[in-house]
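# Per-entry structural report
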Amino acid sequence: MSGLAALCLLLLQTGALGFKITKGPSLNHQQITERAILSTTAEVCRALALAEGNDFTPPSISNIAVDIGLFLVPSYHFDDEEFLEGRRIITNGLDAVKASNREENFVAAILRLGYILHPLQDFYTHSNWVEMGNKLPNSNLIRAGTIIGNIADKNRATCRNCDGDNCRNNILEDILREKILTSGYFDLNRKSPFKPPGKCSHGDTLDFTEDIEPTGGINKDTLTSRHGHLHMEAANLAIDATSELLEDIRGAAGDERFLEMMGISRRAGKALCFVIDTTGSMSDDIAAVRDVTAFIINSKVGTEEEPSLYILVPFNDPDFGPLIRTRDPQVFKDAINSLSASGGGDGPELSLSGLQLALTGAPSNSEIFLFTDAPAKDEHLKSAVIALIEKTQTVVNFMITAVLGFRRRRESGNNQQQQLQSRMVSSAAQLYKDLAQASGGQAIEVTKSELLVATSIITESSSSSLVTLLQASRNPGKVENFTLAVDESVRNLTVYITGSSVTFILISPSGVSQQSTNTTGSLITASQSVGNFQTLKLKTEAGQWKIKMLSTNPYTLKVVGESPIDFLFYFVEVSQGPFGGFAFVENRPRAGANGSLIVTVTGSDSATVTEVLLVESSGSGEVNGTVEAQGEGQYLAQFDRIPSGEFVVLVKGQNSDSSSKASSLTFQRQSSTHIRGSSLTVTADDSNGVLVPGTPLSVPFTVKASGAGGTFIIRATNDQGFTSTFPSSLSLGSGGSANGTVNLTAPLNTPSGSAVTLTIEAEAPGGADINFIVLRFTVLEPVTDFIQPKCELLSLQSNCSGDCTLSMWELSVQVTDGAEGTGIDRISLRQGNGTMNTSLAPGNENITLVSYNASCCSPDVQLLVVDRVGNVGSCFYSVRKSVNVTTTTNSSQPSTTATAATVSSSTSEVQSFVLCLSIAILGLNQPFEMGIN
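What this report covers is the structure whose coordinates are included nearby. (Residues numbered from 1 in each chain as written. Predicted model: local features only at pLDDT ≥ 70, side-chain atom pairs only at ≥ 80, totals over all residues. Heavy atoms only, no water.)

Take the overall build of the protein chain next. Helix and strand counts for the protein chain come out as 14 helices and 45 strands. Per-residue burial for the protein chain yields a buried fraction of 57% across its 933 residues. Residue pairs at least 24 apart in sequence account for 74% of intrachain contacts in the protein chain once pairs closer than 6 positions are excluded. Working note: accessible area of the protein chain is about 36,300 Å², and carbon and sulfur atoms make up 48% of it. (Helix = DSSP H or I, 4+ residues; strand = E, 2+ residues; numbered from the N terminus. Buried < 20%, exposed > 50% of the residue type's maximum accessible area, 1.4 Å probe, protein only. Contact = heavy atoms within 4.5 Å. Areas by Shrake-Rupley, 256 points an atom, 1.4 Å probe, with all protein chains shown as cover.)

Here is the structure:
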């Protein structure tokens, strides 16, 4: 894999509220955001590549068109002249994004970013900024405490009637001449739409104010809108404004963290995440984890499979955490080595609390390893953990030692006590097995002496290119035949089986068979067994394989391989909003009803999807969908019903490969995560998204039942243990709904930028059905420092001659953050190949002195200065032929001259880069509609 392809890790941000699958010449929010992100992120990639002595050429722009449709709050669209309210959404959200990035809570950062990009872009299509002749973005929209322009008084007329369908001149001349900001009013109320006298309308089909004088409208959302003749100008300004915002976030975060926020890492390996029981009997286990950690790190550091992130969560009783997140392998080693085993006298521990914290702190599509020898004391978190597994599509492996016997289990005692204890142990083991199955992971039961071998087996096979071809779980076991298509892109074909005395027969595409009792035959190249876990390395042969399971004992079966071809998916439903289209399903899809699924193929520009099936996890039932290509590797699969039980998504297709003898090769891939349908719907309002320490945040939610009514149990849990109140139950009629509120409070000492994940669950009477909503919030102290750091040039000296290699130049700069500022946090080089040193001014810690010297062959330097709340200042100096020194103190990057670098990249690598950004963009655009309001 090249350096370019290694940059792209996929961040699946399901949870967008609505979108349309549309194409057309107009630019919508999806395309505007995409172009800005590609431009900004490509610049970050280029900067990092050049810093490491490599070349970089950005890929072309993808053209996925996505329209999003919900939320008619005027301030989120700069409608109804709500300019100050709209700017407040942008600046408050920007503060939250920067604070989240400082704490490396990237999921919270990118979700909040989605809420601020939409109003920022709508400013240019809904206001008269373009009509006033402005050619540059309104930079003060992203700067609190500044003036964004002269806003029209609420009683001042701004428009006249359009001349029929011609609205080119409907904004009053004095409004344009005096540079008065106005925007259109919008109202969906057909019977009694409202707008103040003399004001402009938004206009077009859904706006019922456009027939109220002054008639018409001024929006530029599409080429056919009332002011559609200015659509491209407005869209290009929106792109520039989005780039400016992203550059500001990039400057505050730094290049590495900015890319992490976008779901991109220079390391291709999966995040390595350990959740470890640290109670007294775990000393042997912790020692084994140390050995495994050292092995993984030593074998993968510097390779393409080096983990992109290391995460550690310890737990015992009564504590769990903190979560340790680092990209430094030595820091991770030290954290593991510092663990000590102590306490834990009563047996059960807070294993699910630790797992819950890991699931919210790790990237989506991660793999987590949990080590314990005790039952869970917090079994009430089971459904919340499953909700997070489904939401993040994370695989969880349980490494269970001592076969889950209670640590202080007594062999003495009466028979009744022993039977009760045996049932408790069995229940505890089943809990871990249920969670492993839900995630597509393994629940491996071994002795403590076997733990090192078991962990090494499963972690050795983990790879960023690992794909699932087949998985099934049977309890009780039964005789059953499984088939799977192995295409020629698959390498390292491996079978995982958990269970006792599981027997089977393998049959290769060429008809060769081998029984499980014979591990030295021609099909199995290597095998290992430890505890209840068996792994088989198979001879990789393309074609149709069969696995005949003969065992009646409970088992899980999983077949994996390494391949670049995989898929991402998320459920959608027909939007109930006024704009139609589809809406993202935030939680479980509706059981028994029809449903739709968006599938995106990754890793190939020649693979096409022909079938998408929903396969029951514990049976042979399946629902086949109708598949419709949407372009850019996306497919819409529609099903006449969603299964009510647990199921997985199975994708089949053709991979045309000119290098192969076969013109079209069949492939299949299966989701690791198991999903369950539900007749319940849980929705909640997280538009605020910010928790002020010590101040309760009210989160309203709604539970709706499509089936029978009754009393529904409500649970609200969060991964940080913050104080919360909520109703313990809600009463619903048949097919009815009910509202509730969660009040969540962060402690006063919570660091700004911390993230908290709130899971709200509703359980039907009798526990037959459950659904959930997962919400993320950022803890943020109110920001009062809006002033950017400033640079003052103290001296600049040079002796640059004709031969630049023989001469040097140097400068001295004084950097301050003002008397009321929060102080300088970081000074870095955005441009320049010289040497920079910083020091505090003697006797004044508010002043930082910067010295810089460089060869005259590197005549330009740009300093990036960031204060402690993320305000960014940029200072540019140059010694060219005419020594012209300029300084700037805004967050925009000055234009510079640079020689374009080149690099050869394959088509698939470019598509991988475009895809990872496009997926991130889906998350960014999630709360709002595109190009309609």
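Going through the model one piece at a time under the given rule, you end up with 5 disulfides. Note on cysteine connectivity: Cys159 is disulfide-linked to Cys200, with sulfurs 1.9 Å apart. The sign of the 90 degrees torsion about the S-S bond sets the Cys159-Cys200 disulfide as right-handed. Of this pair, Cys159 sits in the loop between strand S3 (150-151) and helix H5 (173-177) while Cys200 sits in the loop between strand S4 (180-181) and helix H6 (231-253); the two residues are 41 residues apart in sequence, bridging distant segments of the chain. Look at Cys200 and you get buried, because its relative accessible area is 0%. Here Cys800 connects covalently by a disulfide to Cys856, the sulfurs 2.0 Å from one another. Every disulfide takes its handedness from the sign of the S-S torsion; for Cys800 and Cys856 that torsion is -80 degrees, giving left-handed. Taken together, the residues Cys800 in the loop between strand S39 (790-798) and strand S40 (808-816) and Cys856 in the loop between strand S43 (844-855) and strand S44 (860-867) connect sequence positions 56 residues apart. (Disulfide = S-S within 2.5 Å.)

Turning our eyes to something else, we now look at the pairing of strand S33 (residues 710-718). Bridging between S33 and strand S35 (residues 729-732) involves 4 bridges; their strand directions are antiparallel. Bridge pairing in S35 links Ile713 to Ser729. As judged from the 6 bridges shared by S33 and strand S37 (residues 755-763), these two strands associate in the antiparallel manner. Residue pairing for S37: Asn718 is matched across the bridge by Leu758. (Pairing = 2+ DSSP bridges.)

Next up on the list: the pattern of salt bridges. The tally for this structure, following the rule as stated, stands at 29 salt bridges. Its salt-bridge partner being Arg156, residue Asp174 comes within 2.8 Å of it at the nearest N-O pair. Taken as a pair, Asp174 in helix H5 and Arg156 in the loop between S3 and H5 lie far apart in primary sequence, 18 residues in all. Judged by its relative accessible area of 23%, Asp174 falls in the partly exposed class. As a salt-bridge pair, Arg826 and Asp825 come within 3.9 Å of each other at their nearest N and O atoms. Look at the salt bridges and you will find they share partners, linking Glu104, Arg257, Glu260 and Arg327 into a network. (Salt bridge = Lys/Arg side-chain N within 4 Å of Asp/Glu carboxyl O.)

This part is about the packing of aromatic side chains. Under the criterion given, the structure shown has 15 aromatic pairs. Judged by centre distance (5.1 Å) and plane angle (25 degrees), the ring pair of Phe398 and Tyr432 falls under stacked. Of this pair, Phe398 sits in strand S9 (residues 395-401) while Tyr432 sits in helix H12 (residues 415-439), and the two are 34 residues apart along the sequence. Put simply, the rings of Phe78, Phe83, Phe123, Tyr124 and Trp129 pair up and form one aromatic cluster. (Phe/Tyr/Trp six-rings, centres within 6.5 Å; stacked < 30°, edge-to-face > 60°.)

On the basis of which strands lie adjacent, the open sheet formed by 4 strands has the order S39-S40-S43-S42 and antiparallel pairing. Bordering the open sheet on either side are S39 and strand S42 (835-841), each of which pairs with just one other strand. Put simply, the sheet's adjacent strands are angled 20 degrees from each other on average, direction ignored. Here S42 pairs with S43 via 7 bridges, running antiparallel. The residue bridging Ala841 from the neighbouring strand is Asn844, located in S43. (Axes fitted to C-alpha atoms, helices over the stretch in contact; angles between N-to-C directions.)

This paragraph deals with unusual backbone geometry. Most peptide bonds are trans, and most residues other than glycine sit at a negative phi. With an omega of 20 degrees, the peptide bond running from Asp317 to Pro318 counts as cis. Its place among the elements puts Pro318 in the loop between strand S6 (310-315) and strand S7 (324-326). Look at the link from Gly321 to Pro322: it is a cis peptide, with omega at 0 degrees. Within the fold, Pro322 resides in the loop between S6 and S7. Even without a glycine there, the phi angle at Asp204 is positive, about 90 degrees. Residue placement: Asp204 occurs in the loop between S4 and H6. In the Ramachandran plot, Ser501 falls in the positive-phi region, its phi being about 55 degrees despite a non-glycine side chain. Structurally, the position occupied by Ser501 is in the loop between strand S13 (491-498) and strand S14 (504-507).

Moving on: the sheet that holds S6. The strand order across the open sheet formed by 6 strands is S7-S6-S5-S8-S9-S10, and the pairing between neighbours is mixed. Each edge of the open sheet is held by one strand with a lone partner, namely S7 and strand S10 (443-446). Averaged over neighbouring strand pairs, the angle between their axes works out to 15 degrees when direction is ignored. Sheet topology note: the S6/S7 ladder contains 3 bridges and is antiparallel. Note that in S7 the partner of Ile311 across the bridge is Arg325. Lying on the sheet, helix H8 (residues 283-300) is in contact with strand S5 (272-277), S6, strand S8 (367-372) and S9; it crosses S5 at an angle near 170 degrees.

Attention now moves to the pairing of strand S22 (residues 595-602). For S22, the tally of buried residues reaches 8 of 8 residues, placing the bulk of the element in the interior. Going residue by residue along S22, you find Gly595, Leu597, Val599 and Val601 tucked away on one face and Ser596, Ile598, Thr600 and Thr602 tucked away on the opposite face as well. Both strand S20 (residues 566-574) and S22 contribute to a ladder of 7 bridges, which runs antiparallel. If you follow Leu568 over to S22, its bridge partner there is Thr600. As paired elements, S22 and strand S26 (residues 634-639) share 6 bridges and run antiparallel to each other. Paired with Leu597 across the strands is Ala637, a residue of S26.

Below, the discussion takes up the nonpolar core. Counting 34 residues, the largest nonpolar core has Leu113, Leu120, Phe123, Tyr124, Leu245, Ile249 and Met261 as the members making the most contacts within it. Counting only elements with at least two residues in this core, the list comes to helix H3 (83-102), helix H4 (106-126), H6 and helix H7 (255-261). It is H4 that contributes the most residues to this core, 9 residues altogether. Those residues in contact with Tyr124 that lie beyond four places of it in its chain are Trp129, Val130, Pro137, Asn138, Leu141, Lys220, Ala234, Leu237, Ala238 and Ala241. Core analysis: the second largest hydrophobic core is formed by 33 residues, Phe315, Leu355, Leu381 and Val385 among them. (Core = buried A, V, L, I, M, F, W, Y, C linked by side-chain atoms within 4.5 Å.)

A few words on the environment of Gln442. Its location among the elements puts Gln442 in the loop between H12 and S10. In the structure, Gln442 is positioned 54 residues away from Tyr496 in sequence and 8.6 Å away in space, judged by C-alpha atoms. The contact partners of Gln442, leaving out residues within four places of it in the chain, are Val396, Asn397, Phe398, Ala436, Ile458, Tyr496, Thr498, Phe533, Thr556 and Lys558.

It is worth spelling out helix H11 (residues 382-392) at this point. The buried fraction of H11 is high, at 10 of 11 residues. Residues Ser383, Ala384, Val385, Ile386, Ala387, Leu388, Ile389, Glu390, Lys391 and Thr392 constitute the buried set of H11. Two residues or fewer past H11, Gln393 is found with a positive phi of approximately 50 degrees.

Right, let's get into the environment of Arg590. In this fold, Arg590 is placed in the loop between strand S21 (582-584) and S22. With 51 residues separating them along the chain, Arg590 and Arg641 place their C-alpha atoms 8.7 Å apart. Excluding anything up to four places from it in sequence, Arg590 contacts Ile642, Ser678 and Ser706.

If you trace the backbone, Ser100 turns up in helix H3. In this structure, Ser100 is in contact with Asn105, Ala108, Ala109, Gly753 and Thr778, ignoring residues within four places of it in sequence.

In this section: H8. The end-to-end C-alpha separation of H8 is 26 Å, in line with the 26 Å expected for 18 residues at 1.5 Å each. When we look at burial in H8, the residues that qualify are Asp285, Ile286, Ala288, Val289, Val292, Thr293, Ile296, Ile297 and Lys300. Projection of H8 onto a plane perpendicular to its axis shows the buried side chains occupying an angular sector of 160 degrees, all on one side. (Expected span 1.5 Å × (residues − 1). Arc of directions from axis to C-beta.)

What is shown is where atoms sit, not what they do.
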